[in-house]
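Commentary on secondary and tertiary structure
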Amino acid sequence: MIPKAHHQDLSPGRRGEVRHEPDDPGLGPEGYRISITPERTLVTAGGPAGRFYALGTLARTTGTGTIEDRPRYGWRGVMLDVARHFMPKEFVLKLIDLLAVHRMNVLHLHLTDDQGWRLHIDRYPRLTEVSGEHYTHDDIREIVAYAAERFVTIVPEIEMPGHAQAAIAAYPWLGNDPDRQLPVWDVPGISKHVFSLDERTIRFCQDVLDEVAELFPGPYVHIGGDECPTEEWEGNPRGLDPGKARGWFLSRLKAPGKRLVYWYERDDGPPGAAAMVWLEESLPGDREVIYAPHERTYLDYAPWPGEPGANGRVLTLRQVYGFAPPDGILGVQCQLWTEYMPDPEAVERMAFPRLCAFAEVAWGSADDDYTDFLRRLPSHLARLGVASGPVMP
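Residues numbered from 1 in each chain as written. Predicted model: local features only at pLDDT ≥ 70, side-chain atom pairs only at ≥ 80, totals over all residues. Heavy atoms only, no water.

Here we have eight strands rolled up into a closed barrel, ordered S6-S7-S10-S11-S12-S13-S14-S15, and parallel in their pairing. Sheet twist, expressed as the mean angle between neighbouring strand axes with direction ignored, is 30 degrees. Across six bridges, the pairing between strand S6 (residues 75-81) and strand S15 (residues 331-336) is parallel. For methionine 79, the partnering residue across the bridge sits in S15 and is glutamine 335. (Pairing = 2+ DSSP bridges. Helix = DSSP H or I, 4+ residues; strand = E, 2+ residues; numbered from the N terminus. Axes fitted to C-alpha atoms, helices over the stretch in contact; angles between N-to-C directions.)

See the structure below:
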């Protein structure tokens, strides 16, 4: 999408040479200013990311005038679930390009779940052996480098202590019945089989996080933490209250040199971890917040009544464009859960055009003029060249 700049007065006309001015820190690291006259175009940015966004805007701008723009939120994310259905590396790279066009700066990869473990771990090779398709370390290095060139940070997610059946299928001793051999789960939904509270299981999780922290250079690692059934923790040897065991488990974890993020359901995450808020609840006052309420950000929900989607829920294009996150948060994120998206084309059809609307919300350029957004949308989708779902007024 061509986000509407906050300060612009563009008139038809030609423009001359492009000249890069020194950085202006007052614009912020991702902000920029473009001044266009028939004689020359002056580009000023607050930093390398701002210059990257400025040149992208300039390439799609005609006429003369001034544009000054900067994002409302520092974290502008898209979560791609590659665990339920594996997504090829080539599609991940394509998605990074699409994020960069929309000035989104985080790709959150949901790498593990009941239905698959998609990241090779040197210390525990059976994790990917039992799950099949996965990313090698070389794949991840390529993805990370490709994203960095486009000012997109990759945030890996290793889900724990729930959503763990694929890991338990590989190493039964991670579960609460070490003598039981489970398969990788092959149906939608949430398995009741979760990690045990044993010290050996905690050590496994820490080993994995150590390796993940080395592989992903970004500042954040996501540890999941949501939707964790507790029945297998009844009568656990540690004598922990099952309702409090999840918090105890998460508090034992760290990723060297990283800030942890977890799916916020209650304030029982690790000290200092950022809260990814997906339920419609009050925000935690003492944590950084990435706001991701499912009713406005889950792009696996049907884009229109009567269309296929998850859980019978609907999230229309108009609703996404009208999403109004609060101020004072780290950022916002939309989610592409793939339980009902078996391949890249299905993901594209569910993502677009709603991701275009979300990008304007995340940047801060969305307003009450939904009609103008619809007017700009067809030509933008044609430039993207993606499979697109319905565009409804």
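Glancing now at the packing of helix H2 (residues 89-101) against helix H4 (residues 137-149). At a minimum axis separation of 10 Å, H2 and H4 run at an interaxial angle of 15 degrees. Taken together, the axes of H2 and H4 are roughly parallel relative to one another. At the point where H2 passes H4, the crossing takes the right-handed sense. Together, Lys89, Val92, Leu93, Ile96 and Asp97 of H2 and Asp139, Glu142, Ile143, Tyr146 and Ala147 of H4 make up the contact between the two elements. The residue inventory of the contact of H2 with H4, partitioned by class, reads six nonpolar, no polar and four charged. (Parallel < 35°, antiparallel > 145°, perpendicular 65-115°, else oblique. Left-handed = near helix turned anticlockwise from the far one by under 90°. Contact = heavy atoms within 4.5 Å. Nonpolar A, V, L, I, M, F, W, Y, C, P; charged D, E, K, R; others polar.)

Time to look at helix H12 (residues 370-384). For H12, with 15 residues, the first-to-last C-alpha span of 20 Å sits near the 21 Å given by 1.5 Å per residue. Along its length, H12 shows its largest kink, about 35 degrees, at leucine 377, and proline proline 378 lies within four residues downstream of that point. Buried within H12 are the following residues: Tyr370, Asp372, Phe373, Arg376, Leu377, His380, Leu381 and Leu384. Buried-residue contacts for H12 involve H2, helix H9 (317-321) and helix H11 (354-363). Where H12 terminates, the next one or two residues include glycine 385, which has phi positive at roughly 65 degrees. (Expected span 1.5 Å × (residues − 1). Bend = angle between axes of the 7 residues up to and from the residue. Buried < 20%, exposed > 50% of the residue type's maximum accessible area, 1.4 Å probe, protein only.)

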